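# Residue-level structure breakdown
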Amino acid sequence: MFNKWFCCVLLILLVSVSFAKTDLEIEEAIQDVISQRHPTDTPAWWLGLGTSAPGVIISMYEKTTQTYTKVRLVEGLAFFKDNSRALEFLKQQAEKTDEDVIRHSVIRNIGFTHGMAEIDFLSKYLHHADSQTRLVAAQAIQKTANSKAQDIIEQYKKEEKARWIVDRLDGKLQTPLKPLTLVSSSEDNVSPIFLGFWKGYFVYPKRESRNLELIQANLQISGQTKTDVKGELTLFFNGKKYKTYILKDMKLRNKKLIAFLPKKISAEIKPIKQKEGLSEITGEIQEFEDIILFYLSAKDFAGSLVLRKE
């Protein structure tokens, strides 16, 4: 009887080992899914990678310099809420990163996956120097729909000096009291409506046919003043292939943007009009109740971007 039981256990262990993914297979699977034009991953998919996946995700995060890739890895790592190493690593990134989008992604995802269990972690960011970080933390707490969390938010709204944050938490979209001046030596802060992660599509005519090309586009704008504001445009080509371009000489006024794309983007887009040097893009933000859209025109490529704020 013992021998039969022992053989069954051994068989189960052998089957488990044979189906367990190697670290390389896990990394390849993750790289494949985060490179998809239309991501199909779910919490169950990430957890299905196995118990060794958090270590692989952390290793991938530490090796990459791509902001978009880091954001996606943060999202996946947060689903392993029973893994103490994963949680501690995420908290460390929120503490030490200089990239607002990474900090915001950590706060948002820990709030989503851990909720009230990490209320102390979320609450400390209600007092962060960066106003957008305070908003992200407040929204993460607000979404827990817990009575204690709501008490924290009500108290926070009484103390928060930025009226636009309180309005956003109350479901209002505040209209700026006066236009934001053009980025110049006299400018103090960038309007918070620009800051954050934008997701949408880039549409432009194909050179080889009469068809229009539609590719996924992500735009990340971060920073607070003219000296540190930056924009990163990520375009996805042929499904898995993507590239990130740094916007040059970005100027923000009211809800309008002017910036320049680097010359190397032409190699991917192959525009109808070839142009030497930088290519100008212009855009304007429009608000529709609780939806914020960014419309941008890239005239040198005869194309347009339509993005929605996440």
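These numbers come from a predicted model, not from an experiment. (Residues numbered from 1 in each chain as written. Predicted model: local features only at pLDDT ≥ 70, side-chain atom pairs only at ≥ 80, totals over all residues. Heavy atoms only, no water.)

### Some remarks on the overall build of the protein chain
Formally: By the criteria applied, helices consist of DSSP H or I runs no shorter than four residues and strands consist of E runs no shorter than two, each listed in order from the N terminus. Exposure is judged per residue with a 1.4 Å probe applied to protein chains only, and the accessible area is read against the type maximum: over 50% gives exposed, under 20% gives buried, and values in between give partly exposed. Two residues qualify as a contact provided that any one of their heavy atoms is within 4.5 Å of a heavy atom in the partner residue. A 1.4 Å probe and the Shrake-Rupley method give the accessible areas. Residues count as covered only by the protein chains that appear here.
Helix and strand counts for the protein chain stand at 12 helices and 9 strands. Buried positions account for 47% of the 310 residues belonging to the protein chain. Summarising the internal contacts of the protein chain: among those between residues at least 6 apart in sequence, 53% fall at separations of at least 24. Here the protein chain has roughly 17000 Å² of accessible surface; of this, 54% comes from carbon and sulfur atoms.

### Focus on the nonpolar core
Nonpolar side chains in soluble globular proteins generally cluster together in the buried interior. Heads up, the rule is: Nonpolar core, defined: a set of buried Ala, Val, Leu, Ile, Met, Phe, Trp, Tyr and Cys residues in which side-chain atoms within 4.5 Å join the residues together.
Counting residues in hydrophobic clusters, the biggest one holds 47 residues, and the most contacted among them are Ile30 and Trp46. The contact partners of Trp46, leaving out residues within four places of it in the chain, are Ile30, Val33, Ile34, Asp41, Ile57, Arg72, Gly76, Phe79 and Phe80. The next biggest cluster of nonpolar side chains, apart from the first, holds 32 residues, and it includes Phe202, Ala217, Met250 and Ala259.

### As for unusual backbone geometry
Glycine aside, negative phi is the norm for most residues, and most peptide bonds take the trans geometry. Here Ala145, not a glycine, exhibits a phi torsion of approximately 55°, which is positive. Tracing the backbone shows Ala145 in the loop between α9 (131-142) and α10 (147-159). Its identity is not glycine, yet Asp249 carries a phi of approximately 50°, on the positive side.

### Notes on the environment of Phe89
The topology assignment puts Phe89 in helix α6 (residues 84-96). In this structure Phe89 comes out as buried when scored by relative accessible area, which is 8%.

### Points about the pattern of salt bridges
Put simply, the rule is: Here, a salt bridge means any side-chain nitrogen of Lys or Arg that lies within 4 Å of a carboxyl oxygen of Asp or Glu.
Scanning all chains against the criterion turns up 14 salt bridges. For the salt bridge of Glu75 with Arg72, the shortest nitrogen-to-oxygen distance reads 2.8 Å. Here Arg72 and Glu75 lie together in helix α5 (residues 67-78), a separation of 3 residues that amounts to about one turn. Under the relative-accessibility criterion, Arg72 is labelled buried at 6%. Within this structure, Asp41, Arg72 and Glu75 form a network of salt bridges that share partners.

### Focus on the packing of α5 against helix α7 (residues 100-114)
Defined as follows: Interaxial angle, 0 to 180 degrees, is taken between N-to-C directions of lines fitted to C-alpha atoms, where a helix line uses only the stretch in contact. In this scheme, roughly parallel covers angles under 35 degrees and roughly antiparallel covers those over 145, while 65 to 115 is roughly perpendicular and the rest are oblique. A crossing counts as left-handed when the near helix is turned anticlockwise from the far one by less than a right angle, and as right-handed when that turn is clockwise.
With their axes 9 Å apart at the nearest point, α5 and α7 run at an angle of 15° to one another. If you check the angle between α5 and α7, you find them roughly parallel. Between α5 and α7 lies a crossing whose hand is right-handed. Residues Thr67, Lys70, Val71, Val74, Glu75 and Ala78 of α5 touch α7, and the partners they reach there are Val101, Ile102, Ser105, Val106, Asn109, Thr113 and His114.

### A short note on the packing of α6 against α7
The axes of two packed helices give the description: the angle between them and the distance between them. Short version of the rule: When residues are sorted by character, Ala, Val, Leu, Ile, Met, Phe, Trp, Tyr, Cys and Pro go into the nonpolar class, Asp, Glu, Lys and Arg into the charged class, and all the rest, Gly among them, into the polar class.
At their nearest, the axes of α6 and α7 sit 8 Å apart, and the two run at 145° to each other. Here the hand of the crossing between α6 and α7 comes out left-handed. Contact residues: Leu87, Leu90, Lys91, Gln93 and Ala94 in α6; Arg103, Val106, Ile110 and His114 in α7. Residues belonging to the contact of α6 with α7 are distributed by class as follows: 5 nonpolar, 2 polar and 2 charged.

### Looking at the confidence of the model for the protein chain
Test applied: Confidence of the predictor at the level of single residues is given by pLDDT, which spans 0 to 100.
For the protein chain, per-residue confidence averages 81 on the pLDDT scale, and 80% of positions sit at 70 or higher. Overall, residues 13-18 carries pLDDT values under 50, and its contacts beyond four positions in sequence, including any with other chains, amount to 0 contacts. Below pLDDT 50 for its whole length, residues 174-187 participates in 27 contacts with residues either more than four positions away or in separate chains.

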